[in-house]
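# A look at the structure
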Amino acid sequence: MGETDTAPRQAPGLTVALDLPSAEVLADQAAIVADMQYVMDCCKRLLAELARSEEDRDGVVPLALWSSALVAYARCFGQEGPLGLRTQDVADLPLQGAVMKFHEWVIEERGKLVRHPDSPFDAAKVGAALAPAGARQRRVEGIAIFATSRVLIDATGVRQLGGLASELAKQTAAKAQGQQDKVLRDAQRLDTGALYALPPLTGQPDAADDDAPGE
């Protein structure tokens, strides 16, 4: 028979929530990385949908994927204070071409998704159906309504958004690495007894202690 391991087993570690300004910044960075990863996933799925023939493609799915990607991307921007991404974060990316122009267009398109149009005619056109010009009596025979189609970008634009999200995720994850060290230092200054008195934080952590979110 083999030897029996009689060494005492170490109890699993305890994790408690940190309500610190530095932890709030780190949580925001982790959320941004997650959102950008979601954008990349949507773009990947959308490219697969766009590669299908018109007959085999479900018109709702590409639009749903594109809309979700726009919303997830844009909500990472526009926060007040130290949270969220800024336009400068996009400008600092090592990308060539009209990156800022494309970013601004994406933000504008997202805005159209989440707010009612300023003018109803931006969403639909109403027309008068007239009798043929050569008809004996010229008159209005009915009303026609034309819904404005929502913008669905082509494969090139989808790749651009996916690439932009990828670079922003990398940039934010790099910042989160240094921020994680700051949170650790702040946590180590707290009263240990008070920390152990806190309720345990449930859920699976996204990264190990020494890893940045998303890596």
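Scroll up to find the structure.
These numbers were taken from a predicted model, which means no experiment stands behind them.

## Overview of the overall build of the protein
- The helix and strand inventory of the protein stands at six helices and two strands.
- When its helices and strands are written in sequence order, the protein yields α-α-α-α-β-β-α-α.
- Out of the 215 residues belonging to the protein, those deemed buried represent 30%.
- A separation threshold of at least 6 residues defines the contact pool for the protein, and within that pool the share at least 24 residues apart is 76%.

## Section: the packing of helix 1 (residues 21-50) against helix 2 (residues 60-74)
- Relative to each other, helix 1 and helix 2 sit at 160°, their axes nearing to 9 Å. As far as their axial angle goes, helix 2 and helix 1 are roughly antiparallel. Helix 2 is crossed by helix 1, and the crossing has left-handed handedness. Residue-level inspection shows Asp35, Met36, Tyr38, Val39, Cys42, Arg45, Leu46 and Glu49 of helix 1 in contact with helix 2, the latter providing Val61, Pro62, Leu65, Trp66, Ser68, Ala69, Ala72 and Tyr73.
- For the contact of helix 1 with helix 2, the class distribution of residues is twelve nonpolar, one polar and three charged.

## Some thoughts on the state of the cysteines
- This model, assessed by the stated rule, comprises zero disulfides.
- Here Cys43 is not disulfide-linked; the sulfur of Cys42 is the nearest cysteine sulfur, at 6.9 Å.

## What to know about the pairing of strand 2 (residues 140-147)
- The buried count for strand 2 comes to zero of eight residues, which makes it a mostly uncovered element.
- With seven bridges joining them, strand 1 (residues 124-130) and strand 2 adopt antiparallel strand pairing. Residue pairing across strands places Lys125 opposite Phe146, the latter belonging to strand 2.

## Quick look at the nonpolar core
- Among the nonpolar cores identified, the biggest contains 29 residues, and Met36, Val39, Tyr73, Phe77, Leu161, Leu164 and Leu168 are the most heavily contacted of them.
- Looking at this core, the elements with two or more residues in it are helix 1, helix 2, helix 4 (99-114) and helix 5 (155-188).
- When near neighbours in sequence (up to four residues on either side) are disregarded, Val39 contacts Ala69, Ala72, Tyr73, Leu161 and Ala165.
- Listed in part, the five residues of the second largest apolar core include Leu20, Leu26, Ala176 and Val183.

Conventions used here
Residues numbered from 1 in each chain as written. Predicted model: local features only at pLDDT ≥ 70, side-chain atom pairs only at ≥ 80, totals over all residues. Heavy atoms only, no water. Helix = DSSP H or I, 4+ residues; strand = E, 2+ residues; numbered from the N terminus. Buried < 20%, exposed > 50% of the residue type's maximum accessible area, 1.4 Å probe, protein only. Contact = heavy atoms within 4.5 Å. Axes fitted to C-alpha atoms, helices over the stretch in contact; angles between N-to-C directions. Parallel < 35°, antiparallel > 145°, perpendicular 65-115°, else oblique. Left-handed = near helix turned anticlockwise from the far one by under 90°. Nonpolar A, V, L, I, M, F, W, Y, C, P; charged D, E, K, R; others polar. Disulfide = S-S within 2.5 Å. Pairing = 2+ DSSP bridges. Core = buried A, V, L, I, M, F, W, Y, C linked by side-chain atoms within 4.5 Å.

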